[in-house]
Amino acid sequence: MSQVSRCQVEECMYNKNMECHAEEIEVLSSTTNRSVSQSANTMCETFAPKG
Ligand code: SF4
């Protein structure tokens, strides 16, 4: 199982000091046709805004 080494999304409730504290994350493609050719075409589905 992989671990998230670093995440820059400070607006996420799981982010503390650029580290992900979610137990696990799900990553989806962010393109409408689901064709992924670069990291920018991916997104973290586990993201949740800070409350
Ligand atoms: S859940 Fe996703 S967006 Fe949030 S800190 Fe973890 S990797 Fe980053």
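Parameters and conventions
- Residues numbered from 1 in each chain as written.
- Predicted model: local features only at pLDDT ≥ 70, side-chain atom pairs only at ≥ 80, totals over all residues.
- Helix = DSSP H or I, 4+ residues; strand = E, 2+ residues; numbered from the N terminus.
- Contact = placed C-beta atoms within 7 Å.
- Near = placed C-beta within 6 Å.
- Nonpolar A, V, L, I, M, F, W, Y, C, P; charged D, E, K, R; others polar.
- Buried ≥ 20, exposed ≤ 12 C-beta atoms within 10 Å, placed from the backbone.

Asker: I keep staring at the environment of Met 43 and nothing clicks. Help me out?
Answerer: Inspection of the secondary structure puts Met 43 in strand β4 (residues 42–44). In sequence terms Met 43 and Val 9 are 34 residues apart; their C-alpha atoms lie 11 Å from each other. Setting aside its immediate chain neighbours within four residues, Met 43 contacts Val 27, Leu 28 and Ser 30.

Asker: It is not clear to me how the site of the ligand should be interpreted in this structure. Could you clarify?
Answerer: In the region of the ligand, the neighbouring residues are Val 4, Cys 7, Val 9, Cys 12, Tyr 14, Asn 15, Cys 20, Ala 22, Ile 25, Cys 44, Thr 46 and Phe 47. Across the shell around the ligand, the residue classes break down as 10 nonpolar, two polar and no charged.

Asker: What is the right way to read the environment of Ser 5 from this model?
Answerer: With respect to the helices and strands, the residue Ser 5 is situated in the segment before β1 (15–16). We classify Ser 5 as exposed; it has 8 C-beta atoms within 10 Å. The spacing of Ser 5 and Ala 22 is 17 residues in sequence and 12 Å in space, taken between C-alpha atoms.

Asker: Which parts of the structure should I look at to understand the environment of Arg 6?
Answerer: Structurally, Arg 6 can be placed in the segment before β1. When the C-alpha positions of Arg 6 and Val 27 are compared, they lie 14 Å apart, and in sequence the two are 21 residues distant. Not counting residues up to four positions away in its chain, the partners in contact with Arg 6 are Met 18 and Glu 19.

Asker: What is the right way to look at unusual backbone geometry in this model?
Answerer: A negative phi angle characterises most non-glycine residues, just as the trans form characterises most peptide bonds. Residue Asn 17 is not a glycine yet carries a positive backbone phi of 55°. Take Asn 17: it is sitting in the loop between β1 and β2 (19–20). With a phi close to 70°, Met 18 is a non-glycine residue in the positive phi region. Within the element layout of this structure, Met 18 appears in the loop between β1 and β2. For Met 18, a count of 11 C-beta atoms within 10 Å translates into the label exposed.

Without other data, these values stay purely geometric and don't point to any function.
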